[in-house]
Amino acid sequence: VSKDPVAKPSNGKDAPPNDRNSSSNASSAQLQELQQTLQLREQQLASKAEQLAQLQAMWESTENDLKRQIQTTKDEAKKRIQRAKERCEAAETKLLAASHQSSESTAQQSDLIDALRSEGQSLARKQAEMEKSIRQTKGEARELMAKLEDETEEKEKAQSKVAE
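Because the structure is a prediction, the values reported are computed rather than measured.

> Residues and numbers for a negative patch on the surface, please.
A contiguous patch of negative charge, built from Glu149, Asp150, Glu153, Glu154 and Glu156, is present on the exposed surface. Tracing the sequence through the fold places Glu154 in helix α2 (residues 106–163). Residue classification places Glu154 among the exposed residues on the basis of a relative accessible area of 53%.

> Explain the environment of Gln69 to me, and be specific about the residues and the numbers.
Looking at the element boundaries, Gln69 is found in helix α1 (residues 17–100). Linking Gln69 and Ala141, residues 72 residues apart in sequence, is a C-alpha distance of 8.5 Å.

> For the side chain of Thr137, give the residues involved together with the corresponding values.
Tracing the backbone shows Thr137 in helix α2. The buried category is assigned to Thr137, whose relative accessible area is 15%.

> Any chance you could break down the environment of Gln109 for me, citing the residues and the numbers?
Summarising the element assignment, Gln109 is placed in helix α2. A residue is classified by how much of its surface remains accessible, and Gln109, at 24% relative accessible area, is partly exposed. Linking Gln109 and Ala98, residues 11 residues apart in sequence, is a C-alpha distance of 7.1 Å.

> Describe the side chain of Lys155, naming the residues involved and giving the relevant values.
Tracing the backbone shows Lys155 in helix α2. As a buried residue without a salt bridge, Lys155 has its nearest oppositely charged side chain in Glu60, at a separation of 5.7 Å. Lys155 has contacts with Gln56 and Trp59, leaving out every residue within four places of it along the chain.

> Give me the pattern of salt bridges: which residues, what numbers.
For the structure shown, the criterion picks out six salt bridges. The partner of Arg68 in a salt bridge is Asp65, and the shortest N-O contact between them spans 2.2 Å. Linking Arg68 with Asp65, this pair stays in helix α1, spanning three residues, or about one helical turn. In this structure, the salt-bridge partner of Glu119 is Lys94, at a minimum N-O distance of 3.7 Å. Remark: Lys94 occurs in helix α1 and Glu119 occurs in helix α2; sequence separation between them is 25 residues. For Glu119, a relative accessible area of 27% corresponds to the partly exposed category. Residue classification places Lys94 among the partly exposed residues on the basis of a relative accessible area of 45%. It is possible to trace a salt-bridge network through shared partners that takes in Glu76, Arg80 and Arg83.

Criteria and cut-off values
- Residue indices begin from 1 for each chain and proceed along its sequence in written order.
- Where local features are concerned, this predicted model is filtered to residues with pLDDT of at least 70; where side-chain atom pairs are given and counted, the filter is 80 or more; whole-chain, interface and lining totals use all residues.
- Hydrogens are left out, water is left out, and the side-chain values use all remaining heavy atoms of the structure.
- Like-charged residues within 9 Å of one another, or nonpolar side chains (Val, Leu, Ile, Met, Phe, Trp, Tyr) within 5 Å, are grouped into patches, provided each residue has over 30% relative accessible area and no salt bridge.
- Using a 1.4 Å probe, accessible areas were evaluated by the Shrake-Rupley method; residue-level cover was limited to the displayed protein chains.
- What counts as a salt bridge is simple: a side-chain nitrogen of Lys or Arg found within 4 Å of a carboxyl oxygen of Asp or Glu.
- The sign given to each residue is positive for Lys and Arg and negative for Asp and Glu; His and the chain ends receive no count.
- To locate a charge, take atom NZ for lysine, CZ for arginine, CG for aspartate or CD for glutamate.
- Helix and strand definitions follow DSSP, with helices as H or I runs of at least four residues and strands as E runs of at least two, each counted in order from the N terminus.
- Think of it in three bands: residues with accessible area under 20% of the maximum for their type are buried, residues over 50% are exposed, and the middle band is partly exposed, with areas taken using a 1.4 Å probe on protein chains only.
- For this analysis, residues touch if any pair of their heavy atoms sits within 4.5 Å.

Here you go:
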């Protein structure tokens, strides 16, 4: 072993006891530093996992809300269409009944026909409104689906950020 104070031993066995202790202390310090870094990384990973879970829960909640809104809109449109059909059938029944009553006077028949025409025009306007409502409902459904797709993309981006 060299007597040069600057020369460093090649391994810990040839080193004097003080050098071995300092080498051991350095290794211990390095080990503690690595353990702290590992613990920090684990905490960061746990935090990111929690954030991902929260984002996923929010996305699922929003998706379920949108699906419920779409279903509610569809159900309401079906109910409106059914009511319009029933009113049309009632008007047709009245018209048929009126045409089969030949015993009524011409004036009464004319009044009845005018009333039925008026009701038919009213029904036609209501049907046009219903069709407009259905188109709007379909537009809303398309918007909701687009919103759902956008949020799905955002979720995927968030997941990819969390994965990084």
